[in-house]
Amino acid sequence: MVSPTASPNCDVIIQVRDLTNRFGRQTVHEKLNLDVYRGEILGVIGGSGSGKSVLLRTIVGLQTPVSGSVCVLGENVLKLSRKRRYQLERRFGLLFQRGALFSSLTVIENVAVPLIENAGLSRADAEHLAEVKLALAGLPANAGEKYPAMLSGGMVKRAALARALALDPDILFLDEPTAGLDPIGAAEFDQLIITLRDALGLTVFMVTHDLDTLYTICDRVAVLSGKHVLVADTLDVVEATDDAWVQDYFHGPRGRAAHQAGRHRMQEAG
């Protein structure tokens, strides 16, 4: 059962209703419902095979469901014409789990690609604007001339984030953004997401398994289980949910440590 805490006056920016995704005989989602509110950072979690990334891909239009509706920014994604859908997708920023940068292009060329192809900018103007996006993502100026293979894992994530921000999106979709990063790098990336959300007015839909990320930056957490959303609420409500997987996830040794660390960070900030 989904139990969002937001009031009825909250602006729903993503609305998923009765969503069913099936691959052959395997049903991943069945009549799944979820709301995402403007300006929030929503963390999406669940066990292996629960369909977290499939849900993300369905919302952004990379996966066509068997049935159901997906409304984003007030428009039903599944019923749009190709032209209108293309226009809507320009308002999405997507960070893939492994960055998905073009290995044959420099970092600045990677970030410039959507500006050239989608915004129609000249290469010179696109690369100039790409420098701004790289700075927003916290990369040094000299990173732009490097190729992805020359970057650390953390720098690849930031370069991919800069590309996701290229077209000034309303919604940022992140698929396991801190996977593979060391604890310091992951914490820095978390803080960067908060800063960008606040500065740019972004809504963030984030698939993650990182407990520190959940406790540090997420306004709400949605748990996928049994082919639907088991609960979507604040962490206090989610971690108290009477479900074996949720209890193991949040109340095991790592969950307790992340909880305590999160409380400590909140005390320092307050």
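First things first, this report covers the structure right here in the doc. (Residues numbered from 1 in each chain as written. Predicted model: local features only at pLDDT ≥ 70, side-chain atom pairs only at ≥ 80, totals over all residues. Heavy atoms only, no water.)

**Quick notes on the overall build of the protein**
- Looking only at helices and strands, one finds ten helices and ten strands in the protein.
- Per-residue burial for the protein yields a buried fraction of 51% across its 270 residues.
- Carbon and sulfur atoms provide 51% of the accessible area of the protein, an area that totals close to 13100 Å². (Helix = DSSP H or I, 4+ residues; strand = E, 2+ residues; numbered from the N terminus. Buried < 20%, exposed > 50% of the residue type's maximum accessible area, 1.4 Å probe, protein only. Areas by Shrake-Rupley, 256 points an atom, 1.4 Å probe, with all protein chains shown as cover.)

**Observations regarding a nonpolar patch on the surface**
- Side chains of Val-132, Leu-136 and Leu-200 sit close together on the surface and give an oily, nonpolar patch of about 220 Å² of accessible area.
- Secondary-structure assignment places Val-132 in helix α4 (residues 123–136). (Patch = residues over 30% accessible without salt bridge, like charges linked within 9 Å, V, L, I, M, F, W, Y side chains within 5 Å. Salt bridge = Lys/Arg side-chain N within 4 Å of Asp/Glu carboxyl O.)

**Re the packing of aromatic side chains**
- Enumeration over the complete set of coordinates arrives at five aromatic pairs.
- Taking 5.5 Å as the distance between ring centres and 75° as the angle between the ring planes, the aromatic pair formed by Phe-92 and Phe-173 counts as edge-to-face. Of the two residues, Phe-92 is situated in strand β6 (residues 92–95) and Phe-173 in strand β7 (residues 171–175); the sequence distance between them amounts to 81 residues. The two residues Phe-92 and Phe-173 agree in class, both being buried.
- Centre to centre, the rings of Tyr-215 and Phe-250 are 6.3 Å apart; their planes meet at 85°, and the pair counts as edge-to-face. With Tyr-215 in helix α7 (residues 211–217) and Phe-250 in helix α9 (residues 244–251), the pair connects residues that are 35 residues apart, well separated along the chain. (Phe/Tyr/Trp six-rings, centres within 6.5 Å; stacked < 30°, edge-to-face > 60°.)

**A short note on α4**
- For α4, which comprises 14 residues, the first-to-last C-alpha distance of 20 Å matches the rise-based estimate of 20 Å (1.5 Å per residue) to within 8%.
- Buried within α4 are the following residues: Ala-126, Ala-130, Lys-133 and Leu-134. All buried residues of α4 lie within an arc of 100° about the axis, which places them on one face of the element. Away from the buried face of α4 by more than 90 degrees, exposed residues Ala-124, His-128 and Ala-135 are located.
- Buried-residue contacts for α4 involve α3 (107–117) and α5 (153–164).
- Looking one or two residues beyond α4, the residue adopting positive phi is Gly-138, at roughly 80°. (Expected span 1.5 Å × (residues − 1). Arc of directions from axis to C-beta. Contact = heavy atoms within 4.5 Å.)

**A word on the sheet that holds strand β4 (residues 67–72)**
- Spatial strand order, β2-β1-β4-β5: four strands in an open sheet with antiparallel pairing. Edge positions in the open sheet fall to β2 (26–37) and β5 (75–76), since each of these has one partner strand only.
- In the sheet, strand β1 (residues 12–23) pairs with β2 via eight bridges, with the strands oriented antiparallel. Bridge assignment links Val-16 to a residue of β2, and that residue is Leu-34.
- Packed onto the sheet, helix α1 (residues 52–60) meets β1, β2 and β4 and runs at close to 120° relative to β1. (Pairing = 2+ DSSP bridges. Axes fitted to C-alpha atoms, helices over the stretch in contact; angles between N-to-C directions.)

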